[in-house]
Structures are given as C-alpha cells and as structure tokens.
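This is what each chain is made of:
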Amino acid sequence: MATIMPLVTDPVPALPGRRMASLGGPQGIRFRQLADADEAVLVAYLDRHTGNDALVEEALLSFAARSYRKSLTFDDLLARHSAPQQTLLDLTLHLRRRLGGGPELRRSWAEIMLARPECPPELLRLLPAWSALKARGPRYDTTHPAVAAYVSEVLGDSDAAWQRFAASPMSHAGPGAWHRLGDLLGAAVEGVAWPAPPPGR
C-alpha cells in the first residue's frame, strides 16, 4: 500500500522508467520528502503541479534540509511562487511551525536568506537570532556583514541596549533558539520584558 498510494494520487512522472518515483498527492507532502527526492523527480513533480504555492513553499523549506542541488537553485524555486518576496517573509515569520527541527535546519535557512542578493531589514529581523548572529562573514571569526550592520543600526550608541541584548534569552537549542532577531533587539532597545519564543506546531 505504501508503494501503490503515491502512484494513485499523483500522475505518472514525465520521466521514462521513473514510475516508482512518484511522490503522491501534493496536499499532504512535506519538505523532508521533497529534500529526499532526486532533483529531476522534484522538478518534474513541480511541473506537474504548476501554480500550487503551498507545494512551492514546502520545496523552498526543503533547501534547509538539502541545500545543494546540481542545477536547481533556491531562486529557481522561488520564481515559481505567485508572491515570492511575501512568502519568504511568511515562511521566516512562521519558521518554527513550518520548519521545526534542530540547529542545522535553522542555520541552513538563515544562511540561505543571507546568501541571496538582497536580505532586507524586514526579513533580517525575522531570522532566528542565534542562527543569524552565528552566520559567518567573509572570515571564519566574523559575523555576516548584513547582520552586523542591522544589529549595530538598531542598538546604536546605547550601552544599556547592547548590554541587554547580550543578556537576551536566545540560545543554540531549545525554545530560546527560535527567538527572532528583531524581537530581541526591540526589547533590548525599549528595556521591556523579553518576548516569548514563537509558538511551535
């Protein structure tokens, strides 16, 4: 049944001899299944379900679990979405619920966002704080320049804000790892209580 059901719920792949590579219906597929799929199978699957933004979003999330593809790029997938820039904001805003997982997935998503030609402040502020601050700059021991510039701009010359931010509840793992960079920076500047981490699933 596990072999037959995907074949029934998804049309025949447009690849000769790849009948067993069917991924099933797109309504229940998750990013981990797409991350495990062969690149040609994934592209053919997306082609068969053109216009399905929810599927494209899962495929985008799959890059956090499998960032390297031979020819398919993150931006290739993003171009398939009807609202590409908005979906990056939405996925990052709800990253804990949509992606979940451990430090490697968070780190990978942050690096993908920071590696794009432009990572605007409205996206930067939504990244998990620990992952964003740990994203490397041009040298091994440096912070990514976009993150460093954003943090410096928000905290400014206030020693108190810098000290509060340094004492924030962000962490490598656990609920604290999901704190958004902008939320913690805002609380540090305003001197208010630290916000709760974003909710999970």
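Scroll up for the structure.
Conventions and cut-offs
Residues numbered from 1 in each chain as written. Predicted model: local features only at pLDDT ≥ 70, side-chain atom pairs only at ≥ 80, totals over all residues. Heavy atoms only, no water. Axes fitted to C-alpha atoms, helices over the stretch in contact; angles between N-to-C directions. Helix = DSSP H or I, 4+ residues; strand = E, 2+ residues; numbered from the N terminus. Parallel < 35°, antiparallel > 145°, perpendicular 65-115°, else oblique. Contact = heavy atoms within 4.5 Å. Nonpolar A, V, L, I, M, F, W, Y, C, P; charged D, E, K, R; others polar. Phe/Tyr/Trp six-rings, centres within 6.5 Å; stacked < 30°, edge-to-face > 60°. Buried < 20%, exposed > 50% of the residue type's maximum accessible area, 1.4 Å probe, protein only. Arc of directions from axis to C-beta. 1 Å grid on protein atoms, 1.4 Å probe; cavity = no way out; pocket = protein on both sides within 12 Å on 5 of 7 lines; lining within 4 Å. Points joined across faces, edges and corners; volume = space filled by probe spheres on them. Core = buried A, V, L, I, M, F, W, Y, C linked by side-chain atoms within 4.5 Å. Salt bridge = Lys/Arg side-chain N within 4 Å of Asp/Glu carboxyl O. Lys, Arg positive; Asp, Glu negative; His and termini not counted.

A.B. asks: Lay out the packing of helix 11 (residues 145-155) against helix 12 (residues 159-166) with the relevant residues and their values.
C.D. replies: Helix packing geometry: the angle between the two helix axes and the distance between the axes. With their axes 9 Å apart at the nearest point, helix 11 and helix 12 run at an angle of 130 degrees to one another. By the angle between their axes, helix 11 is oblique relative to helix 12. On helix 12, the residues touching Val-151, Ser-152 and Leu-155 of helix 11 are Ala-161, Trp-162 and Phe-165. Its residues assigned to classes, the contact of helix 11 with helix 12 comprises five nonpolar, one polar and no charged.

A.B. asks: If you had to explain the packing of aromatic side chains to someone new, which residues and values would you point to?
C.D. replies: What the rule picks out here adds up to two aromatic pairs. Pairing Phe-63 with Phe-74 gives two aromatic rings, centres 5.8 Å apart and planes at 85 degrees, and the pair type is edge-to-face. Of this pair, Phe-63 sits in helix 4 (residues 53-65) while Phe-74 is found in helix 5 (residues 74-78), placing the two residues eleven residues apart along the sequence. Consider the rings of Phe-74 and Trp-109, whose centres lie 5.8 Å apart with planes at 75 degrees: the pair is edge-to-face. Of the two residues, Phe-74 is situated in helix 5 and Trp-109 in helix 8 (residues 103-115); the sequence distance between them amounts to 35 residues. The exposure class assigned to Phe-74 is buried, which follows from its relative accessible area of 7%. Accessibility expressed as a relative area gives 0% for Trp-109, which makes it buried. Three or more aromatic residues joined by ring pairs make a cluster, and in this case those are Phe-63, Phe-74 and Trp-109.

A.B. asks: Got a sec to walk through helix 6 (residues 84-93)? Specific residues and values, please.
C.D. replies: Within the sequence span of helix 6, burial applies to Thr-87, Leu-88, Leu-91 and Thr-92. On an axial view of helix 6, the arc spanned by its buried residues comes to 130 degrees, and they lie on one face. Those residues of helix 6 that are buried are in contact with helix 4, helix 5, helix 7 (95-98), helix 8 and helix 9 (121-124).

A.B. asks: Explain the layout of surface pockets residue by residue, including any values.
C.D. replies: Of the volumes computed, that of the largest pocket is approximately 200 Å³. Pro-103, Glu-104, Arg-106, Arg-107, Glu-111, Trp-130, Ser-131, Lys-134, Ala-135, Arg-136 and His-172 are the residues that line the largest pocket. Every element with two or more residues in the lining of the largest pocket is listed here: helix 8 and helix 10 (129-134). If you tally residues by element for the lining of the largest pocket, the top one is helix 8, at five residues. Counted by class, the lining of the largest pocket contains three nonpolar, two polar and six charged residues.

A.B. asks: Can you tell me about empty space enclosed by the protein, naming the residues and giving the values?
C.D. replies: Tallied over the full model, the rule gives one cavity of 30 Å³ or more. The calculated volume of the largest cavity comes to roughly 40 Å³. Considering the residues around the largest cavity, the lining is formed by Thr-92, Leu-93, Leu-95, Arg-96, Leu-126, Leu-127, Pro-128, Trp-178, Arg-180 and Pro-198. When contributions to the lining of the largest cavity are tallied by element, the ones reaching two or more residues are helix 6 and helix 7.

A.B. asks: Describe the nonpolar core, and please don't skip the residues or the numbers.
C.D. replies: Counting 49 residues, the largest nonpolar core has Trp-109, Met-113, Phe-165 and Leu-181 as the members making the most contacts within it. Element by element, the count of residues in this core is highest for helix 4, at seven residues. In this structure Met-113 touches Phe-74, Leu-88, Thr-92, Cys-119, Leu-123 and Leu-127, once residues within four positions along its chain are discounted.

A.B. asks: Give a detailed account of the pattern of salt bridges, specifying residues and quantitative values.
C.D. replies: Evaluated as defined, the whole model comprises eight salt bridges. Between Arg-98 and Glu-57 there is a salt bridge, with its nearest N and O atoms 3.3 Å apart. With Arg-98 in helix 7 and Glu-57 in helix 4, this residue pair connects regions lying 41 residues apart in the sequence. For Arg-180, the salt bridge identified is with Asp-183, shortest N-O distance 3.5 Å. Arg-180 gets classed as buried once you look at its relative accessible area, which sits at 15%.

A.B. asks: Outline the side chain of Arg-106, supporting the account with residue identities and numerical values.
C.D. replies: In this structure, Arg-106 sits in helix 8. Buried and unpaired, Arg-106 has Glu-104 as its nearest opposite-charge partner, separated by 8.8 Å. In this view, Arg-106 contacts Leu-99, Gly-101, Pro-128, Ser-131, His-172, Ala-173, Ala-177 and Trp-178; residues no more than four positions away in its chain are not counted.

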